[in-house]
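A closer look at the structure
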Amino acid sequence: MAGMERVLPEFLCKGIEKGIEYAYSFEPYFTPTLILVPGFVKEAVENLSETTGQDVETLEYLLGMFICYPLGLIMLALPYGKVKHLFSFILGAFLLQFTIGVQWIHHLISSLIAYAIFLAFPAKTAKTLVPIFAMLYITGGHLHRQYINYLGWDMDFTGPQMVLTMKLYSLAYNLYDGEVLKQGKEERASKKCADVAVSSLPGIIEYLGYTFCFASILAGPAFEYKYYADACDGSRLYDTNGKPKGKIPSQVWPTLRPLLGSLLCLGIFVVGNGMYPLLDPSDPQNADPIIINEEALAKPMYARYAYSWLALFFIRFKYYFAWMNAQGANNIWYAGFEGFDDKGEAKGWEVSNNIDVIQFETAPNLKTLSAAWNKKTANWLAKYVYIRTGGSLFATYGMSAFWHGFYPGYYLFF
């Protein structure tokens with residue numbers, strides 16, 4: 001908080017703090033909703049934290065990511081239809097309660113408000129109102145986090161909320177495109193996105209199964225509703241007569257490959273970050289980052305640059321781990337499978353692929369670099385911002401920065 005107090009007027013700080021206190025006053029009303037995580041589970045994690053020396057937040061996040069694999073096997077075994085959606089919703093809620101506690105309520109409240117907008121307004125209007133609402137909600141989360149913990153890091157609702165923002169934003173346009181295509185209207189953007197258009201608003205269970213989908217709720221990726229729904233109703237693999245659309249490929253290697261890759265990335269991050277930490281290990285939340293403390297600033301420029309390069313290189317493997325782990329968790333129940341072409345040939349497994357590590361690390365230019373990093377966010381920006389604003393790069397990069405938060409670096413980079 002001290003970082004923001006240095007730059008904001010005192011009267012504004014007091015107003016913000018009163019607003020935060022008011023928001024926090026609702027916590028006792030939502031705490032009773034934490035019913036999905038048994039007390040003994042929390043105690044076991046705390047004991048494991050003491051044994052391993054890792055903080056509880058990190059352990060909960062890691063366990064939450066890996067739990068998605070056995071959950072994915074259960075999802076695969078469940079019959080197609082509503083039961084899959086219900087399972088996806090309940091277990092997604094469980095993971096949020098397990099990792100961020102009472103803050104899970106943000107996900108539920110924003111999902112339900114967006115659904116109410118979908119119900120109350122025609123698709124043409126909802127495609128504007130829902131994205132505005134979703135962006136305003138995540139904006140509030142970013143500003144709150146930046147104010148109470150400037151340049152710090154802790155596990156809160158903003159990470160899952162960023163994924164939800166993309167889902168709600170995309171679904172609003174998917175529903176609009178479905179309406180446009182049903183009416184036979186000529187609209188270029190809708191035609192380009194026809195393969196993911198949604199003809200009617202999903203039922204509440206199907207909708208919550210998508211917004212809370214356990215396999216993507218902690219680290220993404222945020223892909224369109226149609227991909228999720230097709231995996232849940234079996235239409236990705238079978239035709240209306242129940243016959244396979246082609247030779248159904250095994251999901252074993254598409255699951256194991258990203259899982260093993262994620263474990264490798266996790267190991268590289270743990271070792272590398274231990275050798276070249278970016279944050280001060282003694283007090284990562286409050287102390288100045290290593291690269292700007294007095295000792296670092298006394299070193300020559302080339303030494304500071306080399307250290308920063310190495311520290312940021314190893315930091316990236318934290319993201320590689322999360323994205324590759326989530327990719328495998330989606331592939332295990334065919335949510336990451338692209339389906340078949342007209343000849344019955346399998347297309348591939350790119351639906352849940354969010355990163356190409358080798359391509360990113362060896363990219364010869366900025367275009368290749370950006371195409372390999374956070375692919376599903378790039379897909380969201382391309383389909384639902386870029387082509388919807390007549391190809392405006394200003395709107396696209398501005399939205400990307402705005403979605404990420406309000407640190408100056410986002411606006412310089414994005």
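The shown structure was predicted, so the numbers you read here are calculated from the model rather than taken from an experiment.

**Focus on the environment of I248**
Tracing the backbone through its elements, the reader meets I248 in the loop between α12 (225-233) and α13 (252-275). On the basis of relative accessibility, which here comes to 28%, the residue I248 falls in the partly exposed class. Aside from chain neighbours lying at most four places away, what touches I248 is L237, Y238, Y334 and F340.

**Quick look at the packing of helix α6 (residues 82-100) against α12**
As a packed pair, α6 and α12 sit with axes 8 Å apart at the nearest point and diverge in direction by 125°. The pairing of α6 with α12 is recorded here as oblique in orientation. Here the hand of the crossing between α6 and α12 comes out right-handed. Here K84, H85 and S88 of α6 lie close against α12, whose contacting residues are Y228, A231 and C232. In the contact of α6 with α12, the residues fall into three nonpolar, two polar and one charged.

**Concerning the packing of aromatic side chains**
Within the structure shown, the criterion is met by 35 aromatic pairs. Note on Y169 and Y173: the rings are 5.9 Å apart at their centroids and 25° apart in plane angle, and the pair reads as stacked. Taken together, the residues span about one helical turn, with Y169 and Y173 both in helix α9 (residues 158-182) at a distance of four residues. In terms of burial, Y169 and Y173 fall into one category: buried. An angle of 55° between the planes, with centres 5.6 Å apart, marks the rings of W380 and W403 as tilted. With a gap of 23 residues between them, W380 in helix α18 (residues 375-386) and W403 in helix α19 (residues 393-404) connect regions that are remote in the sequence. A relative accessible area of 4% means that W403 is categorised as buried. Put simply, the rings of Y276, Y307, W309, F313, F314, F317, Y319, Y320, W323, F360 and W373 pair up and form one aromatic cluster. Stacked on the ring of Y176, the Lys or Arg K127 has its end atom at 5.0 Å from the ring centre. The ring of Y210 carries K167 above its face, with NZ or CZ at 5.0 Å from the centroid.

**Thoughts on the pattern of salt bridges**
Pairing of side chains with opposite charge becomes possible as their charged atoms draw close. Counted by the stated rule, this structure contains ten salt bridges. Across the salt bridge formed by D156 and R145, the nearest N and O atoms sit 2.9 Å from each other. Of this pair, D156 sits in the loop between α8 (123-148) and α9 while R145 is found in helix α8, placing the two residues eleven residues apart along the sequence. As far as burial versus exposure is concerned, D156 and R145 are alike and both buried. Residue K182 pairs with E179 through a salt bridge whose shortest N-O separation is 3.7 Å. One end of the pair, K182, and the other, E179, are both in helix α9, three residues apart, so they sit about a helical turn from each other. For E179, a relative accessible area of 30% translates into the label partly exposed.

**Structural notes on the nonpolar core**
Within the largest apolar cluster, 79 residues are counted, with the highest numbers of intra-cluster contacts made by F118, V130, Y207, F212, F214, Y228 and W333. Top element by residues in this core is helix α15 (residues 301-331). It accounts for twelve residues. With residues up to four places along the chain from it excluded, the contact list for Y228 reads K84, H85, S88, E206, G209, Y210, C213, F223, R236 and W333. V163, Y173, L381 and M399 belong to the second largest nonpolar core, which has 16 residues in total.

**Thoughts on the environment of A231**
Inspection of the secondary structure assignment puts A231 in helix α12. Considered as a pair, A231 and N330 are 99 residues apart in the sequence and their alpha carbons are 9.9 Å apart. Dropping the residues within four chain positions of it, A231 is found in contact with Y80, K84, R236, W333, Y334 and A335.

Thresholds applied
- Residues numbered from 1 in each chain as written.
- Predicted model: local features only at pLDDT ≥ 70, side-chain atom pairs only at ≥ 80, totals over all residues.
- Heavy atoms only, no water.
- Helix = DSSP H or I, 4+ residues; strand = E, 2+ residues; numbered from the N terminus.
- Buried < 20%, exposed > 50% of the residue type's maximum accessible area, 1.4 Å probe, protein only.
- Contact = heavy atoms within 4.5 Å.
- Axes fitted to C-alpha atoms, helices over the stretch in contact; angles between N-to-C directions.
- Parallel < 35°, antiparallel > 145°, perpendicular 65-115°, else oblique.
- Left-handed = near helix turned anticlockwise from the far one by under 90°.
- Nonpolar A, V, L, I, M, F, W, Y, C, P; charged D, E, K, R; others polar.
- Phe/Tyr/Trp six-rings, centres within 6.5 Å; stacked < 30°, edge-to-face > 60°.
- Lys NZ or Arg CZ within 6 Å of the ring centre and 35° of its normal.
- Salt bridge = Lys/Arg side-chain N within 4 Å of Asp/Glu carboxyl O.
- Core = buried A, V, L, I, M, F, W, Y, C linked by side-chain atoms within 4.5 Å.

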